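Observations on the model geometry
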Amino acid sequence: MTGPTSQSIDELVQTALGELEGIDNPESLDRWRVAYLGRRGSLTQVLRGIAQLDVEKRREAGALGNQAKRTLEERLEQRLQQVNQTQQEQAFIRDQLDVTLPGRPSPIGRLHPTTQILREICDAFGAMGFSVVEGPEVEWDHYNFEMLNIPKGHPARDMWNTLWVDYQDPSNSRSMLMRTHTSPMQARVMESSQPPIRVIVPGKCYRYEATDATHEWHFYQVEGLAVDDGITFADLKGTLYEFARRLFGEERRVRFRCDYFPFVEPGVDMSIDCFACKGEGKGCRICRDSGWIEIMGAGMVHPKVLAGVGYDPEKYTGFAFGLGPERIAMLKYGIDDIRLFYSNDLRFLRQF
Ligand code: DAH
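The sections below set out a description of the structure shown in this document. Everything numeric in this text was worked out from a predicted model, so none of it was measured. (Residues numbered from 1 in each chain as written. Predicted model: local features only at pLDDT ≥ 70, side-chain atom pairs only at ≥ 80, totals over all residues. Heavy atoms only, no water.)

Summing up its helical and strand segments, the protein has 11 helices and 10 strands in all. The C-alpha radius of gyration computed for the protein amounts to 44 Å, which surpasses the reference 20 Å derived for 352 residues by more than 25%, pointing to a less compact arrangement than a globule. Referenced to the eigenvectors of the C-alpha coordinate spread, the extents of the protein come out at roughly 135 × 55 × 35 Å. Classification of the 352 residues of the protein by burial places 43% in the buried group. Across the protein, the fraction of contacts at a sequence separation of at least 24, relative to all contacts at a separation of at least 6, is 66%. About 20,100 Å² of surface is accessible on the protein, with carbon and sulfur atoms providing 49% of the total. Once the 42 positive and 50 negative side-chain charges of the protein are each reduced to a mean point, those two points are 4 Å apart. (Helix = DSSP H or I, 4+ residues; strand = E, 2+ residues; numbered from the N terminus. Rg over C-alpha atoms; globule rule 2.2 N^0.38 Å. Buried < 20%, exposed > 50% of the residue type's maximum accessible area, 1.4 Å probe, protein only. Contact = heavy atoms within 4.5 Å. Areas by Shrake-Rupley, 256 points an atom, 1.4 Å probe, with all protein chains shown as cover. Lys, Arg positive; Asp, Glu negative; His and termini not counted. Charge placed at Lys NZ, Arg CZ, Asp CG, Glu CD.)

On to the sheet that holds strand E1 (residues 131-132). The strands making up a sheet are joined through hydrogen bonds of the backbone, oriented either antiparallel or parallel. Pairing in this open sheet of seven strands is mixed, and the strands run E1-E5-E6-E10-E9-E8-E7 from one edge to the other. Each edge of the open sheet carries a strand with a single partner, namely E1 and strand E7 (254-259). Inspection of the sheet shows E1 paired to strand E5 (residues 197-206) by two bridges, in the parallel sense. Residue pairing across strands places Ser131 opposite Val199, the latter belonging to E5. (Pairing = 2+ DSSP bridges.)

Let's shift gears to the packing of aromatic side chains. Per the counting criterion, the structure on display carries 19 aromatic pairs. Between Phe125 and Phe130, the ring centres sit 5.4 Å apart and the planes meet at 70°, which makes this aromatic pair edge-to-face. For Phe125, a relative accessible area of 0% corresponds to the buried category. For Phe130, a relative accessible area of 7% puts it in the buried group. Judged by centre distance (6.2 Å) and plane angle (40°), the ring pair of Tyr206 and Trp217 falls under tilted. Within this pair, whereas Tyr206 is found in strand E5, its partner Trp217 is found in the loop between E5 and strand E6 (218-229), the two being separated by 11 residues in sequence. Here a set of aromatic residues connected by ring pairs shows up, and it is made of Phe125, Phe130, Phe243, Phe319 and Phe321. Against the face of Tyr143 rests Arg188, its NZ or CZ located 4.2 Å from the ring centre. It is Arg245 that lies over the ring of Tyr241; its NZ or CZ is 5.5 Å from the centre. (Phe/Tyr/Trp six-rings, centres within 6.5 Å; stacked < 30°, edge-to-face > 60°. Lys NZ or Arg CZ within 6 Å of the ring centre and 35° of its normal.)

Here the focus is helix H7 (residues 184-192). Those residues of H7 that fall on the buried side of the exposure criterion are Pro184, Met185, Gln186, Ala187, Val189 and Met190. Where H7 is buried, its residues contact strand E2 (138-140), helix H6 (141-144), E5, E6, helix H9 (303-308) and strand E10 (316-323).

Attention now goes to the pattern of salt bridges. Summed over all chains, the structure comprises 20 salt bridges. Arg257 is the partner of Glu294 in a salt bridge, and the nearest nitrogen-oxygen pair spans 3.3 Å. Of this pair, Glu294 sits in strand E9 (residues 292-301) while Arg257 is found in strand E7, placing the two residues 37 residues apart along the sequence. Since its relative accessible area comes to 39%, Arg257 is described here as partly exposed. One network of salt bridges, in which partners are shared, links Asp141, Glu146, Lys152 and Arg157. (Salt bridge = Lys/Arg side-chain N within 4 Å of Asp/Glu carboxyl O.)

With an omega of 0°, the peptide bond running from Pro195 to Pro196 counts as cis. Cis geometry marks the peptide bond from Glu265 to Pro266, where omega comes out at 0°. Here Pro266 shows up in strand E8 (residues 264-273). Phi angles above zero are rare outside glycine, and Lys278 is one such case at about 55°.

A few words on the sheet that holds E2. In spatial order, the strands read E2-E4-E3; together these three strands make up an open sheet with antiparallel pairing. Looking at the sheet topology across the chains shown, the edges are occupied by E2 and strand E3 (163-168). Strand-to-strand twist of the sheet, defined as the mean angle between neighbouring strand axes without regard to direction, takes the value 35°. In terms of strand pairing, E2 meets strand E4 (residues 175-178) through three bridges, oriented antiparallel. Across the sheet, the residue bridging to Glu139 is Leu177, located in E4. (Axes fitted to C-alpha atoms, helices over the stretch in contact; angles between N-to-C directions.)

Written out as C-alpha cells, the structure is:
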C-alpha cells in the first residue's frame, strides 16, 4: 500500500503556504481553504490516505499530517487577519476626509442689470418721498386703456401693440390683456387711496412686437404718479430733473418737448443732455449726433383720468411719468441691443 510520506506532506505544506503568501483578498483565501482543507481538499485527501499505511508509518505520518493541518489552519487565520487589516487601511485612506484641502468656491450670482437699474431708480425716487407699489401683469382692458382716457375704437390704442388674453368677464364684458405699460396702476392707486399720492410702479410689460435691437416683446417700465392739491408743471420738472441728476450725474441738463399721451395734458418727452459727448452731438453714437437722449414720457394727469377715479379735477392736480429701465441701463452701460437682457447669456450678464 502506498500512502503519504513525510516528504509528500512536507511538500504539500510548502506549496500551500507559498500560495497563501500571494493571496490578498478574503474571497481567494476562502478558495485556498477549500482547495487544501475542504472536504475534498488536497490535505484532507492526504490525511485520509494515512489510514491505509502500515501501523508504524501510520503513527508518524498521522502526527505529521495533524501538524500540517494545524499549521495550515493557523497560517490561514493569520493571513485572513492581515488581509482584513490591509483592506481596512486601504478603505480608510480611500475614504478619508482631507480637511486640509481648500474648499470648492460655490458660484455666487449677481443682480441682473435690469434689477440693478430698477433699484437705482427706486432709490432716487424713494429719496424724494415716493413709495413703491406693484400691480398685476395680466390686466383688464378697463385699466390698461379705458381709465387712461383711451376708449374702445380710439386711434390712440394703436400706440400699443397688445397681447390679448382669451378671456372676458361675463358680468361686464371687460377684456383681459398683458399690460402694455405700467400706467394702469395710476387708476388703481387713485381708486384705492386719497391724495396726497406719490408712488412709483416698477413692473413688467408686454407688447405684440417684432423684436429688434430696440424692441422686446417684454420689458420693464417704471411708472410715477404724484397727485395733490396744487401740484404744477414746475413740480414735474423739478422732480424729474433731480432724478436725471441722481442717475446720470450732477451736471446733467434736461429738455422737455411736447408729446402726446392720452392720459396727460400737457404731455412731454424728457431728454437729458448726452453724457457721452457732453451735448456736443457731432459724431456721437449714443445720442446719434443730436446731443440729447430721450429718457421718458411724462405730463400733467388728464382731468378726465382724475374724474374717472372720482377725484375733483378742480381741486386736485398731478403729474405722471413712465420710463424704461432697460433703455436707461443701455445708456448707462453702453449696451446696444435690448434683446441681450433676457437671452440668458452668462457672458453678457457677468459683466454687470
Ligand atoms: N405709458 C406710456 C407708454 O408706455 C409712457 C408714459 C408716458 C407714462 C407719459 C406716463 C406718462 O405716465 O405721463 O408709452
